[in-house]
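What follows is each chain in one-letter form.
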Amino acid sequence: MITLLCTSCLYTNWGFLPVVGMEGEGGAKSSSDHTPNVEALSSLSVTNCSQLTLKLEFSTKVVEHEYIVGFTGYFSAKARSLYISSALRSAGDGTLEWHIVPRENPASDFPSDFELVHIRQASPSSLLTLEDHPYIKRVTPQRKVFRSLKYIPSGVCCGPSPATSPRSCRQMCSGRWDTPVRKGPLTLSFSTHLLQNILKCRSVKLLNKITSISLACAGSGVKVAVFDTGLSEKHPHFKNVKERTNWTNEKTLDDGLGHGTFVAGVIASMRECQGFAPDSELHIFRVFTNNQVSYTSWFLDAFNYAILKKIDVLNLSIGGPDFMDHPFVDKVWELTANRVIMVSAIGNDGPLYGTLNNPADQMDVIGVGGIDFEDNIARFSSRGMTTWELPGGYGRVKPDIVTYGSGVRGSGMKEGCRSLSGTSVASPVVAGAVTLLASTVLNRELVNPASMKQALIASARRLPGVNMFEQGHGKLDLIRAYQILNSYRPQASLSPSYIDLTECPYMWPYCSQPIYYGGMPTIVNVTILNGMGVTGRIVDKPIWQPYLPQNGDHIDVAISYSPVLWPWAGYLAVSISVAKKAASWEGIAQGHVMVTVASPAENDSEVGGELTSTVKLPIKVKIVPTPPRSKRVLWDQYHNLRYPPGYFPRDNLRMKNDPLDWNGDHIHTNFRDMYQHLRSMGYFVEVLGAPITCFDASQYGTLLMVDSEEEYFPEEITKLRRDIDNGLSLIIFSDWYNTSVMRKVKFYDENTRQWWMPDTGGANIPALNDLISVWGMAFSDGLYEGDFTLADHDMYYASGCSIARFPEDGIVIAKNLKDQGAGAWFNVGQQPCWLTGNFLICVSLVQI
Amino acid sequence: MMVLRRLLRKRWVLGVVFGLSLIYFLTSTLKQEERTIRDRTLLEVRDSDHRIPWKVRFNLGNSSRQITQCRNSIQGKTLLTDELGYVCERKDLLINGCCNVNAPSTRQYICKSCLANGCCSIYEYCVSCCLQPDKQPLLERFLNRAAEGFQNLFTAVEDHFELCLAKCRTSSQSVQHENTYRNPQAKYCYGESPPELLPV
C-alpha cells in the first residue's frame, strides 16, 4: 500500500535572531491584570528607605481539635476519608466525634497526601491508632502561623551604594510587602534567617507573581554581560553600567530596537520595572545591528572579550538552529570552561516540537523556556528533545527550566517600561536570578556553571500535566535555589535524575508506550552535570544493578558515556531493551545505574588528589508481551536528513523568514499528532535510526516513510523489495520536488556569504521513485494544492506532488487539485508565495 | 512671495536646484558604497598607519622572578598552561595555580603541534609557545597592525600572558563562511597572520 500525503515543511527563523516575537500575545495581557509587582506596588512609598531593613516576624499557635493526617502517598479525597474512618473505627471508640475540615482550594480536585481532621476530645490513644493505619504516615496538630513583614530603620546597605538619590531610593524600596501572600500549598515558606541572608538590605522578586520583594544591593560584585542590541548611554534605569562595547559594523553603542534595553532591564533595572540585580556590574555587548543582523565572527570576538573581562553571568537572548556551527559551539564551551555561567533562551518556535535553539540546547548552558503567569507553558516556547543525538540516539531533555516569559515588564528603549513576551524575556529573568544568587552565596568559590545549573534544576518546581520536553525540570524557584546553593557541596548530578517510563505525562513520550521484547531499544539521553570541576571522568564504568524482587532481570540496560566530562558536563546514553525471557511477560521492572564521577581536586594541597561523587539513576519500565506483527509500525528516522544537515544558511535576502526544514521530521516532534493517533488506535510505533538493512521486517506490519530526504543504498532497495514480498506494508508520505521551484527558492546566505540551493524539495522524490519503481509506481514533479474530503474528514493538501504512475490493479483514491505550476499561491515555509511560470514571488513577513 | 514664484519659474534656477540634488544624490550613494566596503573589511587587517593603543607589558625572558601565585589557562580539558609558560596535566597543577615543574610531563615554552605559520592544534601549547621571550617582536608587530575589530580586546590586555591567552583563542580571523574553521586542524594562532583561506 502506498499513501501519498504531501506536507509542507515547517520553517522558522534562521541563524541568530533575537528571541522575541510574540508581542501580540503578551501585549494585550500585560496591560491588564498581569502586570507583575511593579506599578501597583510602587505607589506605596516609604521615606528614607536607604536606611530601612526588612524584618520578618514569625509565630505559631496550635489550633485546638484540628490535626493534620499525613498519608504515605497521594490519594483522592474519597480514599482519604475512607482510610481515616476505617482507622478510627478500629480504635474501637465509637463515641469519637470527628469530621474532615473541607479545604476549598484549586488543589482539592487533585489527589493529596494529607487531610485536615477535626476531632473533639481526641485521646492520645486514638491518635496512635490513626497512625497505625498502613497508609497513614503521621498525625500532627494543626498550627496557625502568623507572619508579618516590616521595614525597620537600620544601619547601612550592603554593597557600595550609598550614593543613591532619595528619589531612586524611594522607588526601589517602596512598600513591596503590602501585597497579599498567597495561602495554600504553593506559598513559599521562607524563614527569617533566609530572608536576612539573601535580602540583606532590600529585596526581591520572589518569582511569585503575587509576592515580590526587591533588593537594591542585589547582584553587587557580579559581572553580568548582556549580548544583545546595545543600550543607550544615559538610560535612567541603570546605575552600574561598567562598559558598553560594539561588535557590529554599525558605529553606535546605542540600542535602536529596544530588545537589548529590555533584557538589560529585566536583569538590572533599578527603578520602575525593577530587575533582579540592580547593583550588578553590567557589561553591554552590542552584537546585533538595528536590522537584527549578526555574524558568528562578531560573536567570537565579543566572547573572547567577555572571557578576558572575567564575566560571571552571560545572557544570550538569542538562538539559532545551527548547532553544527562548530566555531560558535566550541566558543560557548570555551566560555563555560572559563567559568562564565551562560544563560540562553530556548527559542520562540513552539508549540512545534524539535524546535530548540542553539546555544540553549547545549549541556553546559542553562536553557530557559517561557511560561505565562498562570503557569502554562507559553505557546511560543520551543520544545522537544535536542536533535544532536539523532538518528542514533533520542535526544536530551531541554529546556532546563522555565520561567515567566509572557507579558513581562522591562525597560523601554529610552525610558519607562513596556511589556514583552518571548523566551528572550524568560532568559534574563533567569540570568537576573542567577546574578542575585551568585552575589548572595556565602562561598563564591562554589559557584560555577555546573553548580548553578544543578541548584536551579534541583530547586525548580515541577508544573503539573506538562512533560519534561516542554518544562524541563520545572519553574524557577529562587528561594529554594538559594537554599540549595548555600548548602552546596561539589558533586555530580544527572538530568533527568531518574528514568520512570511509566510516569505520565512527565516522561512523555516514553510513558506513552510500554516496551516489549524484540522492539527497538528505548534510548534515554541523560546529561551528567559535574559541579566538582570543569573537567571530569567516569570512574570504571557505570553499573546496571537490576532489582531482582522488582523483576529488574527482565530488562537489559546498555550504557555509553562521554570519555571526558568537559566542560562541566557529559552524556550518559541509556539503552533499555527487554530480555528474551520476558517476551510474553507483563509487569513493571526496576533497577538502577550507578555512576561515579571524578575530577581533579583544585584546592587540595596534595598534588594529584581527586574529588569523586557517585550518583544513582533509578530506572523503572513497563513491559508488555510483544504485540502481533500487524500492530507494529516502524518509523524510518534514518532517511530523514540529520538536521541541521551540514552547514546551514542563516538569512535570506529575498525571504526574511527562513526557507528550510530545520525542524526535520520525527514521530515525536512535528509528526506528534500522527504518533498520538496511531497509539490511540492501538498501534505500537518504533523508530528506526539505522539503514533499512538493519531491521527484521518479519516483526513489523508497516514501515512508515515521511518526507524522506536521504537517498537509499542499492542494498536497502533490494532488501525492502524482499520485505514487501514477505508481507511488509509501506506507507510513503511524499512532498514536493520540483527543480524549477527549487532553483527559485535558492537564496543568498549572509552568514556564510554563499548562494544556497536546496538539495532536495520537501522530499527526495527521485530517490523515492528509485525505491518504488519496481512496483510500477512513481511520483510526479508537479505541485498541487487544494481541499478534499476522505471518509467525512475534511483535509487540506498544502502543497505536494501527484501520482505519476501506479499499477493498473492497484487502488488509487484520486482527487483533482489545483495545479500550482499554472500560477498559484503556495507556501514556502509559513510564507505565502505566488508561483507562476518562471516566477516565484514571496511575501515577506518581517517579525521583531 | 511673487518674486519667489517668478524666480522658481526661471530655467537656470531649476537647473541649479537639479544640479545640487544630483550632486547630493551621487555623493551620498558613493559614500554608502564606501561604507559597506569598509564594514565588510572591519575585521580584516588594516594598513599599517592604523595603530591600536596597546599597552602590553612584556616580561623579559631572562628574569627568573619568584612567583608565589600563578594565573593559568583555566579552561583545558586535560592540559593547562601557567603564566610562566609551563604546560602540565591538570593533575600536576599545584594549589597556587602553577604547574609542578618537577612533574615528568611538564614542559616550558613548548611549541608542540604548532605549524610554521604560528598556528597550533592545541590551545595550551599555543599559549606556551607564544610566551617564549623571542616571540615579543612578532606580537608587537601584530599589535601595531591589529584590525580595528580587535581594538576592544587588545587594548584591554595588560601583559604578555593575557595577550597570549587572548591571541591564541579562535576569533573572527579563524573562520571562513562564518560557520567553518579555515583550518580545523590548527586553529589556535599566536602568529601574525590568520590561517590561509581555503578555496571554496
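Fair warning: this is a prediction, and the values are worked out from it, not measured in the lab. (Residues numbered from 1 in each chain as written. Chains lettered and ligands numbered in written order. Predicted model: local features only at pLDDT ≥ 70, side-chain atom pairs only at ≥ 80, totals over all residues. Heavy atoms only, no water.)

Asks: Explain the overall build of chain A residue by residue, including any values.
Replies: Of regular secondary structure, chain A possesses 17 helices and 40 strands. Buried residues in chain A amount to 58% of all 848 residues. Nonlocal contacts in chain A, meaning residues at least 24 apart in sequence, comprise 78% of its contacts between residues at least 6 apart. A total accessible area of about 33,700 Å² is found for chain A, and carbon and sulfur atoms account for 53% of it. (Helix = DSSP H or I, 4+ residues; strand = E, 2+ residues; numbered from the N terminus. Buried < 20%, exposed > 50% of the residue type's maximum accessible area, 1.4 Å probe, protein only. Contact = heavy atoms within 4.5 Å. Areas by Shrake-Rupley, 256 points an atom, 1.4 Å probe, with all protein chains shown as cover.)

Asks: Outline the sheet that holds strand β35 (residues 793-800) of chain A, supporting the account with residue identities and numerical values.
Replies: All names here are of chain A. Reading across the sheet, the three strands line up as β35-β34-β37 and stay open at both edges, with antiparallel pairing between neighbours. Sheet topology places β35 and β37 (818-819) at the edges, where each strand pairs with a single neighbour. Relative to β35, strand β34 (residues 784-790) is paired through six bridges, and the arrangement is antiparallel. Each residue of the ladder has a partner; that of Phe-788, found in β35, is Met-795. (Pairing = 2+ DSSP bridges.)

Asks: If you had to explain the domain arrangement of chain A to someone new, which residues and values would you point to?
Replies: Domain parsing of chain A yields domain 1 (58-146), domain 2 (223-443), domain 3 (496-602 + 610-623) and domain 4 (629-844). Look at where the C-alpha atoms of domain 1 of chain A and domain 3 of chain A centre, and you get two points 39 Å apart. (Domains from an automatic or database assignment.)

Asks: Could you give an account of the pairing of strand β8 (residues 223-228) of chain A, with specific residues and numbers?
Replies: All names here are of chain A. Of all six residues making up β8, five are buried, and the element is well covered by its neighbours. Summarising the sheet, β8 and strand β10 (residues 281-286) pair through six bridges and their orientation is parallel. When the bridges of β10 are listed, Lys-223 appears paired with Glu-281. As paired strands, β8 and strand β11 (residues 313-316) are joined by four bridges and run parallel to one another. Residue pairing for β11: Val-226 is matched across the bridge by Asn-315.

Asks: Account for the packing of aromatic side chains, with residues named and values stated.
Replies: Residue and element names in this part refer to chain A. A full pass over the atoms with the stated rule returns 28 aromatic pairs over all chains. Relative to Tyr-305, the ring of Trp-247 lies with its centre 5.5 Å away and its plane at 50°, an arrangement referred to as tilted. In this pair, Trp-247 sits in the loop between β9 (241-246) and α7 (259-268) while Tyr-305 sits in helix α8 (residues 296-308), placing the two residues 58 residues apart along the sequence. Accessibility classification places Trp-247 together with Tyr-305 in one group, the buried group. Ring geometry for Tyr-394 and Tyr-510: centres 5.2 Å apart, planes at 50°, overall tilted. Placement of the pair is Tyr-394 in the loop between β14 (366-371) and β15 (401-404) and Tyr-510 in the loop between β19 (499-500) and β20 (522-530), with a sequence separation of 116 residues. A single burial state applies to Tyr-394 and to Tyr-510, both of which are buried. (Phe/Tyr/Trp six-rings, centres within 6.5 Å; stacked < 30°, edge-to-face > 60°.)

Asks: Please give an account of the UniProt feature "transmembrane region" (unreviewed entry) in chain B that cites residues and values.
Replies: Here the UniProt-annotated "transmembrane region" (unreviewed entry) positions come out as residues 12-30 of chain B. As annotated, residues 12-30 of chain B has a helix share of 100% and a strand share of 0%, and its two end C-alpha atoms lie 27 Å apart. (UniProt positions renumbered as here; feature names shortened; annotations may be inferred.)

Asks: Tell me about a positive patch on the surface, residues and numbers included.
Replies: Taken together, Arg5(B), Arg6(B), Arg9(B) and Lys10(B) make up a surface patch of like positive charges. With respect to the secondary-structure elements, Arg9(B) resides in helix α1 (residues 2-9). (Patch = residues over 30% accessible without salt bridge, like charges linked within 9 Å, V, L, I, M, F, W, Y side chains within 5 Å. Salt bridge = Lys/Arg side-chain N within 4 Å of Asp/Glu carboxyl O. Lys, Arg positive; Asp, Glu negative; His and termini not counted. Charge placed at Lys NZ, Arg CZ, Asp CG, Glu CD.)

Asks: An account of the side chain of Ser171(B) is requested, with residue identities and associated values reported.
Replies: Turning to its location among the elements, Ser171(B) is positioned in the loop between α6 (160-168) and β5 (175-176). Residue Ser171(B) is classed as buried on the basis of its relative accessible area, which comes to 9%.

Asks: Residues and numbers for the pattern of salt bridges, please.
Replies: Residue and element names in this part refer to chain A. Using the criterion set out here, one finds 27 salt bridges over all chains in the structure. Between Glu-686 and Arg-632 there is a salt bridge, and its shortest N-O distance comes to 3.0 Å. Here the residue Glu-686 occupies a position in strand β28 (residues 684-688), and Arg-632 occupies one in strand β27 (residues 632-636), the gap between them amounting to 54 residues. Of the residues examined, Glu-686 reaches a relative accessible area of 4% and is grouped as buried.

Asks: So what about the state of the cysteines? Which residues, and what values?
Replies: Residue and element names in this part refer to chain A. Enumeration over the complete set of coordinates arrives at nine disulfides over all chains. Covalent S-S linkage joins Cys-273 and Cys-417, the inter-sulfur distance amounting to 2.0 Å. Judged by the sign of its S-S torsion, about -95°, the bond between Cys-273 and Cys-417 is left-handed. With Cys-273 in the loop between α7 and β10 and Cys-417 in strand β17 (residues 417-420), this residue pair connects regions lying 144 residues apart in the sequence. Among the residues examined, Cys-273 registers a relative accessible area of 1% and is labelled buried. (Disulfide = S-S within 2.5 Å.)

Asks: Lay out the sheet that holds strand β23 (residues 555-561) of chain A with the relevant residues and their values.
Replies: Residue and element names in this part refer to chain A. Within the open sheet, the four strands sit side by side as β18-β20-β24-β23. Their pairing is antiparallel. Each end of this open sheet is capped by a strand with a single partner; those strands are β18 (492-495) and β23. Adjacent strand axes in the sheet meet at a mean angle of 25°, parallel and antiparallel pairs treated alike. Here four bridges tie β18 to β20, and the two strands are oriented antiparallel to one another. Across the sheet, residue Ala-492 finds its bridge partner in β20, namely Asn-530. Along the sheet face, helix α11 (residues 449-459) touches β18 and β20 and points at about 120° away from the line of β20. (Axes fitted to C-alpha atoms, helices over the stretch in contact; angles between N-to-C directions.)

Asks: Which residues make up helix α4 (residues 124-132) of chain A, and what are the values?
Replies: Residues and elements named next belong to chain A. What α4 keeps buried is the set Ser-126, Leu-127 and Leu-130. The arc that holds the buried residues of α4, viewed along the axis, is 100°, so those residues lie on one side. Opposite the packed face of α4, turned more than 90 degrees from it, sit the exposed residues Pro-124, Leu-128 and Asp-132. (Arc of directions from axis to C-beta.)

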